[in-house]
Amino acid sequence: MPTTPAQPPRARSLAVVNEEIRALLEAGGLVSPEGRRRYEELLVEWAAAVRGDVTEAA
């Protein structure tokens with residue numbers, strides 16, 4: 001039986017990622033190595049969301 005390919009997970013909105021970044025900064029989350037790693041991950045996700053917004057606007 002043929003299977004359909006799984007849909008890739010939908011990217012979170014720019015506003016949602018921004019909110020998580022702000023929460024991390026307000027909580028002082030950059031002090032720990034885990035917090036810095038999470039911040040870097042969020043920045044990558046944020047940049048992808050920005051590119052997605054630009055693509056949709058075009």
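Look up a bit, the structure's there.
A brief structural summary.

What counts and what doesn't
Residues numbered from 1 in each chain as written. Predicted model: local features only at pLDDT ≥ 70, side-chain atom pairs only at ≥ 80, totals over all residues. Heavy atoms only, no water. Helix = DSSP H or I, 4+ residues; strand = E, 2+ residues; numbered from the N terminus. Buried < 20%, exposed > 50% of the residue type's maximum accessible area, 1.4 Å probe, protein only. Areas by Shrake-Rupley, 256 points an atom, 1.4 Å probe, with all protein chains shown as cover. Salt bridge = Lys/Arg side-chain N within 4 Å of Asp/Glu carboxyl O. Expected span 1.5 Å × (residues − 1). Arc of directions from axis to C-beta.

**What about the overall build of the protein?**
The helix and strand inventory of the protein stands at 2 helices and 0 strands. Within the protein, buried positions represent 12% of all 58 residues. For the protein, the accessible area works out to roughly 4,900 Å², and carbon and sulfur atoms hold 61% of it.

**Observations concerning the pattern of salt bridges**
In a structure, side chains of opposite charge can pair up when their charged atoms sit close to one another. Counted according to the given criterion, the structure contains 4 salt bridges. Measuring nitrogen to oxygen at the nearest pair gives 2.8 Å for the salt bridge that ties E20 to R12. We classify E20 as partly exposed; its relative accessible area is 26%. Residue E41 is joined to R38 by a salt bridge in which the shortest nitrogen-to-oxygen separation is 3.1 Å. Separated by 3 residues within a single helix, E41 and R38 lie in helix 2 (residues 33–57), roughly one turn from each other.

**Remarks on the environment of E41**
Given a relative accessible area of 44%, E41 falls into the partly exposed group. Spatially, the C-alpha atoms of E41 and I21 are 9.9 Å apart, while their sequence positions differ by 20 residues.

**Focus on the environment of A47**
Following the sequence through the fold, A47 ends up in helix 2. Overall, the relative accessible area of 25% leaves A47 in the partly exposed class. As a C-alpha pair, A47 and V17 span 30 residues in sequence and 9.8 Å in three-dimensional space.

**What about helix 1 (residues 14–26)?**
Taking 1.5 Å of rise per residue, the 13 residues of helix 1 would be expected to cover 18 Å, and the 18 Å separating its terminal C-alpha atoms lies within 8% of that figure. By the burial criterion, the buried members of helix 1 are V17, I21 and L24. For helix 1, the arc enclosing every buried residue in end-on projection is 65 degrees, short of the 170-degree limit, so these residues lie on one face. Residues of helix 1 that are exposed and angled more than 90 degrees away from the buried face: A15 and E26. One or two residues past the end of helix 1 sits G28, with phi positive at roughly 70 degrees.

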